[in-house]
Amino acid sequence: MANAFLVDLVMIRGPKGTQTVVEYVAVNRVATTSTTDGLLPDMNLDRKSDGKDVAPFVLAMTGQPIRQMDLVIADLNGDATIYVGDVAAFVTQLID
Ligand SMILES: [Ca+2]
Ligand SMILES: [Ca+2]
């Protein structure tokens, strides 16, 4: 993978079951897509949204992400920035 230029396929599954497939994504680039399914604030990637996701979300919000991908996951309103607007989406998903 170190010499790869493209990722063959990226599959994104929404929390309500929708699935988005993006093919031939260039490596080291930001690819964007959209969904009406909402985004799952699963910061620790355990496929659940619960209290264990709060600490990594707060770290991402305060500019101290554990991993670079946390900045992408924490952008719950999909506007490519991490700010207070993502908190409402995070809390809504947690209590749903
Ligand atoms: Ca989680
Ligand atoms: Ca955002």
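I will try to describe carefully the structure that is included in this document. (Residues numbered from 1 in each chain as written. Chains lettered and ligands numbered in written order. Predicted model: local features only at pLDDT ≥ 70, side-chain atom pairs only at ≥ 80, totals over all residues.)

**Details of unusual backbone geometry**
- The backbone of Tyr-24 shows a phi angle near 55°, a positive value even though the residue is not glycine.
- Within the secondary structure, Tyr-24 sits in strand β2 (residues 19-26).
- According to the C-beta neighbour criterion, Tyr-24 is exposed, with 11 such atoms within 10 Å.
- You will see that Arg-47, though not glycine, has its phi angle at about 70°, which is positive.
- For Arg-47, the location among the structural elements is in the loop between β2 and α1 (54-61).
- For Arg-47, a count of 9 C-beta atoms within 10 Å translates into the label exposed. (Helix = DSSP H or I, 4+ residues; strand = E, 2+ residues; numbered from the N terminus. Buried ≥ 20, exposed ≤ 12 C-beta atoms within 10 Å, placed from the backbone.)

Without other data, these values stay purely geometric and don't point to any function.
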